[in-house]
Every structure is written in structure tokens, then in C-alpha cells.
Amino acid sequence: MAIEGKDEQAREPRIRLGMVGGGAGAFIGAVHRMAARLDDQFDLVAGALSSTPEKAIASGRDLGLDPSRTYGSYKEMAIREARLKDGIEAVSIVTPNHVHYEAAKEFLKRGIHVICDKPLTSNLADAKKMKKAADESGALFILTHNYTGYPMVRQAREMIANGELGKIRIVQVEYPQDWLTEAVEQTGAKQAVWRTDPAQSGAGGSTGDIGTHAYNLAAFITGLTLESLAADLDSFVEGRRLDDNAHVMLRYEGGAKGMLWCSQVAPGHENGLKIRVYGTKGGIEWVQADPNYLWFTPFGEPKRLITRNGAGSGAAAGRVSRIPSGHPEGYLEAFATIYTEAARAINAVRQGVPIDKAVVYPTVDDGVKGVAFVEACVASSKKNGAWVKL
């Protein structure tokens, strides 16, 4: 975070963190651990790191966890940690999608804050139950749509909220990848196997994995509410059970229109997240592969480049920047921003004071909307691209 805020935050004791999932061979668990450490706000002290007890114990040993706090199941972890005087205050859930609800529920009902990977759940019924559990718990629920943590994404959000683009008319967002261009799930590749399995991933393939990111980013930046959509989903790879490409037309409340493309079969794209927003007064463009820059074009004027912490960059970007302009910040720092925003909120709860209004992170409500988006895409595509209300 911004240097002046970081010193103040560092005076608070580190938040005791547990993790569900993220053991040996897992990709996103390691990313979460790095993000949690970056701003020195969390201590990982417990874990149920795998559904296999033997693997969980080995993974805990590799991470240097106390063997007595390395658990064979998330339920065992939730029960015991809630009883410990120095038990965890928050838990990161980094499992495949179908485990999110049952795991989070165990911690929420014991008042333990939850930081959960996206999408919220594998189906809308569980997403709604998750929201109910979070609301009844009183504990905080943070969803790690990490792209909302980039400073220039915050810059774009601030500019739109301040009316610098005028009334929003058009939103175009895309997230192409190429890693599933071939049937790698048939080779046993772990990340591909569960992401292409409806039982673990849910009804959406590319829509659930990366389409939810694109949808959330558009909502976060513009503040618009999606009213209805028309989707054309494909599974281009023979034998694949979930979509690997989607074209989605969007209608927002208030009259704005949009288009969303997500694909995991687009050779030449690694993580090609990109958004363009156009209003009556101007347009903006941001590309995740070059995240320290935001293009802004006031109507009738030359195109302008706004750089992170540079001239024209505002307070919203500055409070989540760590280093001076000209030194790049990237994916891990953006992910860490979500964790540090969570820490700010948790520390406010610790102190019994209101959470600073400047603290922003995706919530359980955003998660419900994301799962609703996926299921609406699937429903629309099954009706030959008919418009479906959310």
C-alpha cells in the first residue's frame, strides 16, 4: 500500500491466517501465500492443505507449519482453531470451486474471517447459501478478484466515479488465454483436470475461470449493474465438457451496452485481460499485461497516457501503490493489495471501529453476481443466444 499507510498498518500485530487447499502441486495457493506476506500483515500459522491427510501433513512440513496445526480436514481445522486462544483470525480458501461453500461455512459460523478464491462457488444455489452464511456470521468475507487491486484499475474507477468520462455508453472487456488449446486435461495436468470437470468447476469453463474476472473487472471499474446478457458458448476441443470460448453481449441498467469475450483456446494469448470503456466525454483503455499505464482520451482531444504514481494519477491509485513511478508493479502486488485491504478491514474489526470507506475489496455479493453471470451465460447459450435476465 502507499508508504504512509503501511507504517500505520504495521503497528498492528500480524493477523493469524490459516489456509484450506494450496498444498504441494497447487498453483494459486502459493500466490495467495506470497500476496499475504508482501505487506507483512499476516502470519500463516495453520493449514488443511490437501484433501489427502498424508499430502496435507507433507505440505505443512514443507511450509514450516507446526505439525499440531496441520490438519487432515478443513472441518477439524475450523473446530480446533476456534477453540485455541491464539487460533486463526482469518482463513484463505484456495480449493477447487466445489469445495468453497462447505469449507467457508465451517469458518464463518465460528466467526473466522474468510478470504476466498474466485469464483465464489460452483453453482448459484451454493452462492446464495454462502451469502446467507456470511451475513449471519458477521465475519468479513473477501473474494480475491485480484485484478481489482491494480493501481490503474483503481484510477479508472475513480475517474468514472468523478464523471470524467461522462455517461457510460460502451464497455468492452476481454480475457483470452491459449493454455487449453489442446486437450491437456487428458494428459492428467492437475490445473486442467479440475477446471474442465463440471463436478469441480461448475457449469462454466472459461466463463467461470476467467469470464468471471472480466465481468467483475467491468463492474468494478464502471459501477454499472448488468441487467441481461446474450451468450454464445463453445467447447472447441473435442470431448471437452465445459466451454473454452464465450462471446457475450451485455445490457446494463441505464442503457449502456457491452461485449465480453473470454477464451482459453486463443493461441498467442497468455493472460490477455483488457478493458475499454467509452462515455459521452471520453474513453479509457487498460491492459493487464502493461498494468502501470492507463490510456485516457477526452473527446476531441489528444490521447493521454496516465502512469502509476505519475502526473494525473489520483489518490485511489496512490493508496495502493508501493513504489515510485517508473518502477513496475504487477500481478503479485495487485494480489497483495486485496490481502492488505482485507487486513485493514480486519484490524478495524479488531479495534471496534468502522472500516475506512477508502478500503475496497470484492465481497460475497460480488461473488454471487459472478456465479449468476456464469449460469446466465450457460442458460442463454442453450437457448441459441437468447437474452437472459440476471
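Residues numbered from 1 in each chain as written. Predicted model: local features only at pLDDT ≥ 70, side-chain atom pairs only at ≥ 80, totals over all residues. Heavy atoms only, no water.

A. Inspection of the UniProt feature "domain: Gfo/Idh/MocA-like oxidoreductase N-terminal" (unreviewed entry) in the chain at higher detail. As annotated in UniProt, the feature "domain: Gfo/Idh/MocA-like oxidoreductase N-terminal" (unreviewed entry) corresponds to residues 15–143 in the numbering used here. Helix makes up 42% of residues 15–143 and strand 19%. Its end C-alpha atoms lie 17 Å apart. (UniProt positions renumbered as here; feature names shortened; annotations may be inferred. Helix = DSSP H or I, 4+ residues; strand = E, 2+ residues; numbered from the N terminus.)

B. Local environment of the packing of helix α4 (residues 74–83) against helix α5 (residues 100–108). Relative to each other, α4 and α5 sit at 10°, their axes nearing to 9 Å. By the criterion of interaxial angle, the relationship of α4 to α5 is roughly parallel. Every residue of α5 that contacts α4 at Y74, K75, M77 and A78 is listed here: E102, A103, E106 and F107. In terms of residue class, the contact of α4 with α5 is built from 5 nonpolar, no polar and 3 charged. (Axes fitted to C-alpha atoms, helices over the stretch in contact; angles between N-to-C directions. Parallel < 35°, antiparallel > 145°, perpendicular 65-115°, else oblique. Contact = heavy atoms within 4.5 Å. Nonpolar A, V, L, I, M, F, W, Y, C, P; charged D, E, K, R; others polar.)

C. Molecular detail of the sheet that holds strand β3 (residues 90–93). Ordered in space as β2-β1-β3-β4-β5, the 5 strands form an open sheet in which the pairing is parallel. Every interior strand has two partners, whereas the edge strands, β2 (42–48) and β5 (141–143), have only one. The average undirected angle you get between the axes of adjacent strands in this sheet is 25°. Two elements, β3 and strand β4 (residues 113–116), share 4 bridges in a ladder whose sense is parallel. Among the inter-strand pairings, S92 is bridged to a residue of β4, identified as I115. Strands β1 (15–20), β2 and β3 of the sheet are contacted by α4, whose axis makes an angle of about 130° with β2. (Pairing = 2+ DSSP bridges.)

D. Quick peek at the packing of aromatic side chains. Counted under the stated rule, the structure contains 7 aromatic pairs. Judged by centre distance (5.9 Å) and plane angle (80°), the ring pair of Y147 and Y175 falls under edge-to-face. Note that Y147 is positioned in the loop between β5 and α7 (151–161) and Y175 in strand β6 (residues 168–176), a separation of 28 residues in sequence. Each ring, one from Y147 and one from Y331, has its centre 6.4 Å from the other, and the planes form 55°; the classification is tilted. Linking Y147 in the loop between β5 and α7 with Y331 in helix α12 (residues 331–351), this pair joins segments that are 184 residues apart in sequence. Residue classification places Y147 among the buried positions, given a relative accessible area of 5%. The partly exposed category is assigned to Y331, whose relative accessible area is 27%. We note R251 situated over the ring of W387; from NZ or CZ to the ring centre the distance is 3.6 Å. (Phe/Tyr/Trp six-rings, centres within 6.5 Å; stacked < 30°, edge-to-face > 60°. Buried < 20%, exposed > 50% of the residue type's maximum accessible area, 1.4 Å probe, protein only. Lys NZ or Arg CZ within 6 Å of the ring centre and 35° of its normal.)

E. Focus on the domain arrangement of the chain. With domains assigned, the chain is organised as domain 1 (15–143) and domain 2 (151–322 + 364–389). Measuring from the centre of the C-alpha atoms in domain 1 to the corresponding centre in domain 2 gives 27 Å. Summing both sides of the interface, domain 1 and domain 2 together bury roughly 1700 Å²; the carbon and sulfur share of this comes to 59%. A salt bridge links R322 to D39; the nearest nitrogen and oxygen atoms lie 2.8 Å apart. Counting the contacts that link domain 1 with domain 2 gives 6 residue pairs in polar contact (both at pLDDT 80 or more). (Domains from an automatic or database assignment. Buried area = accessible area lost by both parts, 1.4 Å probe. Salt bridge = Lys/Arg side-chain N within 4 Å of Asp/Glu carboxyl O. Polar contact = N/O pair within 3.5 Å; in protein donor to acceptor, adjacent residues only side chain to side chain.)

F. Main features of unusual backbone geometry. Look at the link from K118 to P119: it is a cis peptide, with omega at -10°. Residues other than glycine seldom take positive phi values, yet D40 does so here, at roughly 60°. Within the element layout of this structure, D40 appears in the loop between α2 (28–38) and β2. Among the residues examined, D40 registers a relative accessible area of 41% and is labelled partly exposed. Phi is positive for N309, close to 65°, though the residue is something other than glycine. Within the element layout of this structure, N309 appears in the loop between β13 (304–307) and α11 (315–318). Given the relative accessible area of 33%, N309 is considered partly exposed.

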